[in-house]
Amino acid sequence: MANTKSAKKATRVIERRTAINKSRRTRMRSTWRTVEEAIAAGDAAKATEALRAAESETMRAVGKGVVHKNLGSRKVSRLSKRVAALSK
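Asker: Outline the pattern of salt bridges, supporting the account with residue identities and numerical values.
Answerer: Enumeration over the complete set of coordinates arrives at 3 salt bridges. In this structure, R27 engages E57 in a salt bridge whose closest nitrogen and oxygen atoms are separated by 2.9 Å. Linking R27 in helix α1 (residues 5-41) with E57 in helix α2 (residues 44-64), this pair joins segments that are 30 residues apart in sequence. The partner of R82 in a salt bridge is E36, with the nearest N and O atoms 2.8 Å apart. Residue R82 is located in helix α3 (residues 69-87), and its partner E36 is located in helix α1; the two are separated by 46 residues in the primary sequence. With relative accessibility at 26%, the residue E36 sits in the partly exposed group.

Asker: Quick one: what's the story with the packing of α1 against α3, residue by residue and with numbers?
Answerer: Put simply, α1 and α3 touch, their axes get as near as 10 Å, and they point 20 degrees apart. By the angle between their axes, α1 is roughly parallel relative to α3. As for the relative orientation of α1 and α3, their crossing is left-handed in sense. Taking contact as the criterion, the partners of W32, V35, E36, A38 and I39 in α1 are, on α3, L71, K75, L79, R82, V83 and L86. For the contact of α1 with α3, the per-class residue count stands at 8 nonpolar, no polar and 3 charged.

Conventions and cut-offs
- Residues numbered from 1 in each chain as written.
- Predicted model: local features only at pLDDT ≥ 70, side-chain atom pairs only at ≥ 80, totals over all residues.
- Heavy atoms only, no water.
- Salt bridge = Lys/Arg side-chain N within 4 Å of Asp/Glu carboxyl O.
- Helix = DSSP H or I, 4+ residues; strand = E, 2+ residues; numbered from the N terminus.
- Buried < 20%, exposed > 50% of the residue type's maximum accessible area, 1.4 Å probe, protein only.
- Axes fitted to C-alpha atoms, helices over the stretch in contact; angles between N-to-C directions.
- Parallel < 35°, antiparallel > 145°, perpendicular 65-115°, else oblique.
- Left-handed = near helix turned anticlockwise from the far one by under 90°.
- Contact = heavy atoms within 4.5 Å.
- Nonpolar A, V, L, I, M, F, W, Y, C, P; charged D, E, K, R; others polar.

In structure tokens form, the structure reads like this:
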């Protein structure tokens, strides 16, 4: 349990940031899910559109420090590869 005034404030700040990061992570994963569903349905146009949104959201999360840049790049790369295969 925090004893000092600064430690109590730090705890409040951490709680706020955790809530914000959780929201960003959820939004990012939702965009990934949308791409996955479009790929499963075989809809290339919808998958391409969903991929653009997913890439944008993922890179925004990377920029905000929610996830590591390598994770973001890897996920976008793998989704892109699958969408490209769907388009052929």
